Amino acid sequence: MKRTVRTLLIAAAIAPAPVAAMAEGEKYILVSHAPDSDSWWNTIKNGIALAGEQLDVEVEYRNPPTGDIADMARIIEQAAASGPNGIITTLADYDVLKQPIMDAVASGVDVIIMNTGTGEQAREVGALMYVGQPEYDAGLAAGQRAKGDGVQSFLCVNHAIQQPTLAERCQGFADGLGIDLGTSMLDSGADPAEIKNRVLAYLSANPDTDAILTLGPVSADPTLLALEENGMAGDIYFGTFDLGEEIVKAIKSGVIEWGIDQQPFLQAYLPVVIMTNYHRYGVLPGNNINAGPGFVTAEGLEKVEQFAGEYR
């Protein structure tokens, strides 16, 4: 089954089958903002690894171990200095990362922005294109969906307040509901025990909260534990960004209404394919690629469960 899925992915990803036989030794480095502790990025790693294998190019994944954005900026500088054919990078903080990315482009290294940032920001820093999920738009769509389900107030559990793009998810959700964000965004930190305790404290102080929005497995998993402890699991409207093992279980059991799938596999896989075709044949898609948002509910879990943590 996995072989079939891989074959379909190749066909869908604009890479002609003969490309691997025409290898030219290209090297691409993907730089993310994710700390080592965030397992969601394992799918990203799988994406570049499979693309590298299929296209016979060298790929490498680099990240700041603690998720520090200033450290990430230095990693981009070091990656550019090593002379790769291309860099694929997130744009988690435009103000901090724009200069090292622009310097990389000026040095002759092609860049594709993935996962975080926007198509407009990618153009401003001189990148070839953007492949990812527009964060505000995804939050807006989620808020509109929740509004249709009767939600009027919410808690947004932000586990990485230092990354402006995550706050855009919360703001979009509030705008989709048609309410002010106000104090609804919780700076939870990334420690699971701390997240759980802060969610419990917020819900105790704000018992009329209609819904919870988490921004990925880092915040979703401890929030699930908090709701089990205070007896609200299944009784409060719960939506989350991204997918993960515990999130999938909670969607299946009805505790989580939906997970927003931004297709991280494609966010990593497609840039390698696009870069390779660009360097070998001079072809480049004319538009940015939006990998999400897509809503995963209990009705659509079969493929997600089968490939969770690997391709989904």
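Just so it is clear, the structure is predicted and the values come from calculations on it, not from any experiment.

With respect to the domain arrangement of the protein
Many descriptions give the size of an interface as the accessible area lost when the pieces come together. According to the domain assignment, the protein contains domain 1 (27–133 + 263–291) and domain 2 (135–261). Its C-alpha centre places domain 1 at a distance of 28 Å from the equivalent point of domain 2. The partner domain 2 presents 14 residues to the 15 residues of domain 1 that form the contact. When domain 1 packs against domain 2, close to 1100 Å² is buried across both sides, 45% of that on carbon and sulfur atoms. It is Trp 40, Ala 92 and Gln 133 in domain 1 that bury the most area against domain 2; as a group they hold 47% of the surface buried on that side.

Thoughts on the state of the cysteines
Summed over all chains, the structure comprises 1 disulfide. A disulfide bridge connects Cys 156 with Cys 170, and the sulfur atoms are separated by 2.0 Å. Because the torsion about its S-S bond is -55°, the bridge between Cys 156 and Cys 170 counts as left-handed. Of the two residues, Cys 156 sits in strand β6 (residues 154–158) while Cys 170 sits in helix α7 (residues 164–177), which places them 14 residues apart along the sequence. Neither residue differs from the other here; Cys 156 and Cys 170 are each classed as buried.

Some details on the UniProt feature "domain: Periplasmic binding protein" (unreviewed entry) in the protein
UniProt feature "domain: Periplasmic binding protein" (unreviewed entry): in the numbering of this structure it lies at residues 35–278. Each end of residues 35–278 is marked by a C-alpha atom, and these two atoms are 30 Å apart; helix forms 52% of the span and strand 16%.

Considerations on the environment of Ile 247
Within the element layout of this structure, Ile 247 appears in helix α10 (residues 245–253). Looking at Ile 247, the relative accessible area reads 0%, which means it is buried. Ile 247 sits 23 residues away from Leu 224 along the chain, and the two C-alpha atoms are 8.6 Å apart. With near-sequence residues (within four places) excluded, Ile 247 lies in contact with Gly 216, Pro 217, Ala 220, Asp 221, Thr 240, Phe 241, Asp 242 and Ile 256.

Concerning the packing of helix α8 (residues 192–205) against helix α9 (residues 217–230)
Following both chains from N to C, one finds α8 and α9 inclined at 50°, their axes separated by 8 Å at the closest point. Between α8 and α9, the angle is such that the two are oblique. Along this stretch, α8 crosses α9, giving a crossing that reads as right-handed. Contact residues: Pro 192, Ile 195, Lys 196, Val 199, Leu 200 and Leu 203 in α8; Val 218, Ser 219, Pro 222, Thr 223, Leu 225, Ala 226, Leu 227, Glu 229 and Asn 230 in α9. Looking at the contact of α8 with α9 residue by residue, the classes come out as 10 nonpolar, 3 polar and 2 charged.

Calculation criteria
Residues numbered from 1 in each chain as written. Predicted model: local features only at pLDDT ≥ 70, side-chain atom pairs only at ≥ 80, totals over all residues. Heavy atoms only, no water. Domains from an automatic or database assignment. Contact = heavy atoms within 4.5 Å. Buried area = accessible area lost by both parts, 1.4 Å probe. Disulfide = S-S within 2.5 Å. Helix = DSSP H or I, 4+ residues; strand = E, 2+ residues; numbered from the N terminus. Buried < 20%, exposed > 50% of the residue type's maximum accessible area, 1.4 Å probe, protein only. UniProt positions renumbered as here; feature names shortened; annotations may be inferred. Axes fitted to C-alpha atoms, helices over the stretch in contact; angles between N-to-C directions. Parallel < 35°, antiparallel > 145°, perpendicular 65-115°, else oblique. Left-handed = near helix turned anticlockwise from the far one by under 90°. Nonpolar A, V, L, I, M, F, W, Y, C, P; charged D, E, K, R; others polar.

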